[in-house]
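Listed below are the residues making up each chain.
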Amino acid sequence: MMLKKTNRLFPNLIILGLTGLLLTGCGEGSMDGRVIMTLAHESQQDMLTGSGSSQPYLFESSIAAIDPDNPDTKALLLSEGFYSACAPELSYTAEHIVFAGQKNKGEIWQIWEMDLTNLETRQVTSSAENCIDPTYLPGGGILFGKQTRDAAGNTEHALFTCNMDGSELKQITFNPNDYFASQVLMDGRVLSRSKEIYPKEKEANLMVLRPDGTKAELFYQGEEGTKLLSGGVETNNGKIIMIEAGAKNPNTGKLVAIDYSRPMQGRIELSNALEGSFKSVRPQQNGRFLVTYKSPEDETFGLYEFNSDVNGLDRQLYQDNKLNVVEAFLVEKRKSPKKIPSEVNLHHDSGLLLCQDIDFSGYDHKANGKETAKAVKIEFLGLETSLGKVDVEKDGSVYLKIAADTPFQMQTLDTQGNVVQGPGSWIYIRPNERRGCVGCHQGNEMVPENRQPLAVLKEPIVIPQPKELLVESKVESEKK
């Protein structure tokens, strides 16, 4: 469908400093049916297209609302009094939004909540470090990203939770990754765009975890050469929708769908017929998507409705030659996700990990047509040093008691001490968490064999190992 480009230009809220615009037709005390969006100036184009920094902080951005059914009415500036405001998220009752913002230039980004019935705001966090990407949690409270520094000196964005008054602030992720654009799935788990930044920066993928940080695992990783440009959002028909770029056009975002139940299977590109680039997507209850899209002829990202039945754009809702629409959602009530009970017990200083067979792999690990060597040991690598090497049982199993909230990687070793597989992705275990894995590098859809691993017949091995064992292991390695 060919869309005629409109000449309706939204006033540049940032440059002209307009505030207090009225949204005609909006009943007092209700924002139902309106679209709330983040607007960023064209000077932020590098960040929006993916060619610039991966940081989600949009300086001089604004949050505004429009009436999609009355395109000629003026927009309402919601973030009046803020130097920067972005990443709004709607409450399940559609009565509030949370967002990240700066009151004044140069200030720390904090999380704020707005009452949509009267547009009054209140500050939720009072952090010494930047906070971004808030989202509501079922049962109360919020989850958001916050700048942290790990033991190795790396600066990353970990996930935190807190109550709506900012109390009970808790860090829930501890690996050297940046976590952005988190959403809560209907099953109660958090889906987040995660990017490993140490020891070297990798492409982002989708991670899933519980709101207490437990059971963190890979949800989706694109094929080699692809680039994930957004987080994932859940539809009402069992799909996860996201923006992904291919190897040939790394800064051109395409609309992609994967299955919730089998995320590594059945990837479908929904926007094959469109040559432009997508920035964000948000499903609506009616089955259609709100998308921000930029055609090859456009200077900025505009707001459209996307029809998934025909995989094409329907009506254009907003366009401005100076302002980009970064993200948008419709104000409508939605069902609250499941609330998952937490197994974290902060009185414990460790958690348990059981690996059924370190030689089992969900992928084909062969070298020069020959099977790789059998692994007999597993080594745990911390941010700064090895946390220990341990022997595995004859069936390849190993049972471990690991220091809580301590990031580590695992690699398997043969009888000569050579690396067979790894190191893998960073893992952490929360206090009192109990986790199990099928094997090393297994697919996340693998089902373990129904047998009792030999390792569970013994007490778990403690990681990090005692200092005397670590010294002994280091001496052995130096002799080799």
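Residues numbered from 1 in each chain as written. Predicted model: local features only at pLDDT ≥ 70, side-chain atom pairs only at ≥ 80, totals over all residues. Heavy atoms only, no water.

A. Broad picture of the environment of Leu 143. Relative to the assigned elements, Leu 143 resides in strand β9 (residues 142-149). Take Leu 143: its relative accessible area is 0%, and that puts it in the buried class. Sequence separation of Leu 143 and Lys 170 is 27 residues, and the distance between their C-alpha atoms is 9.5 Å. Beyond its immediate sequence surroundings of up to four residues, Leu 143 is in contact with Asp 133, Pro 134, Thr 135, Leu 137, Leu 159, Phe 160, Thr 161, Ile 172, Ser 182 and Val 190. (Helix = DSSP H or I, 4+ residues; strand = E, 2+ residues; numbered from the N terminus. Buried < 20%, exposed > 50% of the residue type's maximum accessible area, 1.4 Å probe, protein only. Contact = heavy atoms within 4.5 Å.)

B. Fine view of the packing of aromatic side chains. Applying the stated criterion to the full structure yields 12 aromatic pairs. Their ring planes at 70° and their centres at 5.8 Å tell us that Phe 59 and Trp 109 sit as a pair that is edge-to-face. On the criterion of sequence distance, the pair formed by Phe 59 in the loop between α2 (45-49) and β2 (62-66) and Trp 109 in the loop between β5 (96-102) and β6 (110-115) is long-range, its members being 50 residues apart. Note on Phe 59: relative accessible area 39%, which makes it partly exposed. (Phe/Tyr/Trp six-rings, centres within 6.5 Å; stacked < 30°, edge-to-face > 60°.)

C. Seen up close, the environment of Ala 328. Assignment of secondary structure puts Ala 328 in strand β25 (residues 323-330). Judged by relative accessible area, which is 5%, Ala 328 ranks as buried. What Ala 328 contacts, discounting residues up to four positions off in sequence, is Val 35, Ile 36, Met 37, Ser 280, Arg 282, Leu 290 and Leu 303.

D. Local environment of the pairing of strand β1 (residues 35-41). Of all 7 residues making up β1, 7 are buried, and the element is well covered by its neighbours. By the alternation rule, side chains of β1 split into Val 35, Met 37, Leu 39 and His 41 and Ile 36, Thr 38 and Ala 40, which are all buried. When β1 meets β25, the two strands line up antiparallel, connected through 7 bridges. Its bridge partner being in β25, Met 37 is matched across the sheet by Ala 328. Where β1 and β2 come together, 5 bridges link them in antiparallel fashion. (Pairing = 2+ DSSP bridges.)

E. Seen up close, the nonpolar core. Membership of the largest hydrophobic core comes to 31 residues, with the highest contact counts inside it found for Ile 111, Ile 132, Ile 142, Phe 144 and Leu 209. The set of elements that each furnish at least two residues to this core consists of β4 (84-90), β5, β8 (131-136), β9, β10 (155-162), β12 (177-184) and β14 (205-209). Top element by residues in this core is β10. It accounts for 4 residues. Ile 132 has contacts with Pro 56, Tyr 57, Cys 86, Ala 100, Trp 109, Ile 111, Phe 144, Gly 145, His 157 and Phe 180, leaving out every residue within four places of it along the chain. (Core = buried A, V, L, I, M, F, W, Y, C linked by side-chain atoms within 4.5 Å.)

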